Amino acid sequence: MRTHHCNELRKEHVGQASTLVGWVNTKRDHHGVIFIDIRDREGVTQAVFRPEENPEAAKLSHSLRTEDVIQVTGRVDERPVIDGDSTVNEAIATGEIELVASDLQIINKAEVLPFQLDKDLSNEDLRLSHRYLDLRRPRMANNIRLRHKVTKAARDFLDSQGFVEVETPVLSKSTPEGARDFLVPSRLHPGAFYALPQAPQQYKQLLMVAGVEKYFQIARCFRDEDLRADRQPEFTQVDVEASFTDPEQVISLIEGCLAAMFKAGRGTDIPLPFERMSWHDAMDLYGSDKPERRFEMKLVDLSKIFAKSGFKVFSQTVKNGGVVKAINAKGFAGITTGQVDKLTEIAVTHGAKGLAYIQARGEDPSTWRSPITKFFSPEELTAMREAMHIEEGDLVLFAADKWQAASEILGRIRLEAAAMQNLLDGKDDILDFLWVLEFPLLELDEEEGRYIAVHHPFTRPVDADRAKLEAGEYDGLRAQAYDVVLNGHELGGGSIRIHESDLQRAMFTALGISDEQAAAEFGHILEAFQFGAPPHGGIALGLDRIVMLIAGESSIREVIAFPKNNKGMDLMTSSPAPAEPRQLRDLRIKSTAQDKAKS
Ligand code: ASP
């Protein structure tokens, strides 16, 4: 069939015969001479149909429509100079030549498309409902191939380090990663369900007990969570686990893996090793465990200044063990009322009662506009001005609450204020990789009045805290966990694991899981740990997010071939959908038969 692809012919091919296949990208009619840009996945080539050279092919070419599938045979020619003007098209790689057509085969006709492929389309639902057309567009075609390259780089790198790829079940058992499960009813066991894996966590640990020592998998994971730009109900992890390892080994392995992925996808060498920051500092300075550090606006603790303030909201908070913190959005005193409302709404959604602020019209506190400064003493004002480096034109925003809550609220406000000020404009090329370390093991869920795992129940405490966990002292326990962050996105996270059944039981107890419950749900892993389980640890990287960041896209949907929309629907196949009567009948027949057998 074809002799060349559509991005292959160059000046050195002039005079040769060539056959191309592909889609009609564009068609132009110049006084009866038809120009077709024929496109395949590699690129485009111009074919020209001249009635005087080949009347039959030229006549047929008149009937072509965009996206028809065709085969063109002809002679490669240099693009001519017409009236002293070169017709070379610098914008495409094949722009110096054209294919002078002698034969045209229409392989398959295309109807008029629901949308044009050469324009960016803002209606995402329309794109998703005909995703196979959307994927023909060069940007999406590039993203798909980019994903392949990045995935392959991860696979090759891990293979080169002795890691073995093992597939684990998709029809599996519920494993707690903090989200809701998707359930699949079993036909053979009516009333019983498989859960789709939120991650292969338990299987990869069991593979360590099995002696695999170095495992990885490009693993599909399923979590029934609310969707966001960087979240899908099914997504892919580069999942890794190793025996006889420690955090340093995992960290340098993953730095190497990410370097390989970024090299393959972007062609850039990322500087190694990555910086590191404790979870406490990340929360304290940026109000987030995945700090975006491409702009400053750090959180400042003003508790000392306001500990005895006449402004009771602040002094009471400090007295009750809380903190008063603030950020300075430099030069943002001109914030609009609408923007203040939006920031206030964010603060309130995350648990604040309101949002206190100062618009500094000048350096002197007498020029400041604020609903709260009238309650501050002159000393408090001066001390705050110094601590916050307040200058003319600045906007200071406050939060007063328990340390973590106040930090998280300001962390959200910080990101939104930065977005309002376009502080990230022109910073796309900065890659701020960071390890966040020294996570807490447990977190108190105030609403439920119980502890939950910050990572997951299989995470190991630091050695010094082990006795406390076993003794039931849960405050302030530290985990052997690590997250890798890029530009405010969590790329992945993992930990050294618990490998002893008594310690694992103690962890379940901390999480309010009774011995009976633990035996019923996790009996297999508790038992496995009794048969010579090696110490082990690992990590999982979010492949979709990594490819998204390498591609410079702002949603993971752009790097997933067939994603769900923001309501969890696959608009192309209309799924989810009610089950077919036949599927339901199959389930019923089996259960009736079993009921009969029992009676
Ligand atoms: N299974 C964990 C997750 O999905 C990652 C890990 O601990 O390896 O977040």
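In this text the structure is predicted, and so the values were computed from the model without any measurement.

Caption draft 1: Representation of unusual backbone geometry. With an omega of -10°, the peptide bond between L272 and P273 qualifies as cis. Cis geometry marks the peptide bond from S575 to P576, where omega comes out at 5°. Mapping P576 onto the fold places it in the loop between helix 16 (543–551) and helix 17 (581–598). Within the chain, H389 stands out as a residue other than glycine whose phi angle is a positive 50°. Checked against the element boundaries, H389 lands in the loop between helix 11 (378–388) and strand 18 (395–401). Judged by relative accessible area, H389 falls into the exposed class, the value being 58%. If you check the backbone angles, E438 has positive phi at about 55° while not being a glycine. Take E438: its relative accessible area is 55%, and that puts it in the exposed class.

Caption draft 2: The arrangement of the sheet that holds strand 7 (residues 97–108) in detail. Taken together, the five strands give a closed barrel; going around it, the order is 1-2-3-7-4, and neighbouring strands pair in mixed fashion. Pairwise comparison of adjacent strand axes, ignoring direction, gives a mean angle of 55° for this sheet. Bridging between strand 3 (residues 43–49) and strand 7 involves two bridges; their strand directions are parallel. From the neighbouring strand, V48 faces strand 7, where its bridge partner is V100.

Caption draft 3: Spatial organisation of the side chain of H455. Tracing the chain through its elements places H455 in the loop between strand 21 (450–453) and helix 13 (466–471). For H455, the side chain forms a polar contact with the side chain of D483, separated by 2.9 Å. Excluding its chain neighbours within four sequence positions, the residues that come into contact with H455 are F439, A481, Y482, D483 and G494.

Caption draft 4: Region of the structure containing the layout of surface pockets. Computed from the structure, the second largest pocket encloses a volume of approximately 620 Å³. F182, L183, V184, L196 and P576 are the residues nearest the centre of the second largest pocket, which is lined by 22 residues in total. Those elements that place two or more of their residues in the lining of the second largest pocket are strand 9 (183–185) and helix 17. The residue makeup of the lining of the second largest pocket, split by class, is 14 nonpolar, three polar and five charged.

Caption draft 5: Main features of the nonpolar core. With 41 residues, the main nonpolar core has L158, V238, V240, I254, L258, M261 and W435 as its most contacted residues. In this view, L158 contacts F163, F216, V238, V240, L253 and C257; residues no more than four positions away in its chain are not counted. Grouped together as the second largest cluster of nonpolar side chains are 33 residues, Y451, I513, I525 and L526 included.

Caption draft 6: Region of the structure containing the pattern of salt bridges. All chains considered together, the criterion is met by 44 salt bridges. Between E391 and K330 there is a salt bridge; the shortest N-O distance is 3.1 Å. A residue pair is termed long-range when its members are at least 10 positions apart, and E391 in the loop between helix 11 and strand 18 and K330 in the loop between strand 15 (323–329) and helix 10 (337–349) qualify at 61 residues. Overall, E391 belongs to the partly exposed group, its relative accessible area being 42%. On the accessibility criterion, K330 (40% relative accessible area) is partly exposed.

Caption draft 7: Expanded view of the site of the ligand. Close contacts around the ligand come from 12 residues, with Q201, K204, Q237, H456 and R497 the closest. Alone, the ligand offers 270 Å² of accessible surface; in the complex the protein occludes 87% of this. For the shell around the ligand, the secondary structure elements donating two or more residues are helix 5 (201–209), strand 23 (489–496) and strand 24 (536–542). Class assignment for the residues of the shell around the ligand results in three nonpolar, five polar and four charged.

Caption draft 8: Geometry of the side chain of R460. Note that R460 resides in the loop between strand 21 and helix 13. In this structure the side chain of R460 is engaged in a polar contact, spanning 3.5 Å, whose partner is the side chain of H499. Setting aside chain neighbours within four positions, we find R460 in contact with L441, R466, R478, A479, Q480, I496, R497, I498, H499, E500 and L503.

Caption draft 9: Looking closely at the sheet that holds strand 22 (residues 481–486). The strand order across the open sheet built from eight strands is 8-11-12-24-23-22-19-13, with neighbouring strands paired in mixed fashion. Two strands in the sheet have a free side with no partner beyond their single neighbour: strand 8 (164–165) and strand 13 (275–278). When strand 22 meets strand 23, the two strands line up antiparallel, connected through six bridges. From the neighbouring strand, V484 faces strand 23, where its bridge partner is G492. Of the strands in this sheet, strand 11 (214–222), strand 12 (234–243) and strand 24 are in contact with helix 5, which crosses strand 12 at around 25°.

Caption draft 10: Spatial organisation of the packing of helix 7 (residues 279–286) against helix 12 (residues 403–420). For the pair helix 7 and helix 12, the least separation of the axes is 7 Å and the interaxial angle reads 60°. Judged by the inter-axis angle, helix 7 sits oblique to helix 12. On helix 12, the residues touching W279, H280, M283, D284 and Y286 of helix 7 are W403, Q404, S407, E408, G411 and R414. Within the contact of helix 7 with helix 12, the residues separate by chemical class into four nonpolar, four polar and three charged.

Procedures and definitions
- Residues numbered from 1 in each chain as written.
- Predicted model: local features only at pLDDT ≥ 70, side-chain atom pairs only at ≥ 80, totals over all residues.
- Heavy atoms only, no water.
- Helix = DSSP H or I, 4+ residues; strand = E, 2+ residues; numbered from the N terminus.
- Buried < 20%, exposed > 50% of the residue type's maximum accessible area, 1.4 Å probe, protein only.
- Pairing = 2+ DSSP bridges.
- Axes fitted to C-alpha atoms, helices over the stretch in contact; angles between N-to-C directions.
- Polar contact = N/O pair within 3.5 Å; in protein donor to acceptor, adjacent residues only side chain to side chain.
- Contact = heavy atoms within 4.5 Å.
- 1 Å grid on protein atoms, 1.4 Å probe; cavity = no way out; pocket = protein on both sides within 12 Å on 5 of 7 lines; lining within 4 Å.
- Points joined across faces, edges and corners; volume = space filled by probe spheres on them.
- Nonpolar A, V, L, I, M, F, W, Y, C, P; charged D, E, K, R; others polar.
- Core = buried A, V, L, I, M, F, W, Y, C linked by side-chain atoms within 4.5 Å.
- Salt bridge = Lys/Arg side-chain N within 4 Å of Asp/Glu carboxyl O.
- Near = heavy atom within 4 Å.
- Areas by Shrake-Rupley, 256 points an atom, 1.4 Å probe, with all protein chains shown as cover.
- Parallel < 35°, antiparallel > 145°, perpendicular 65-115°, else oblique.

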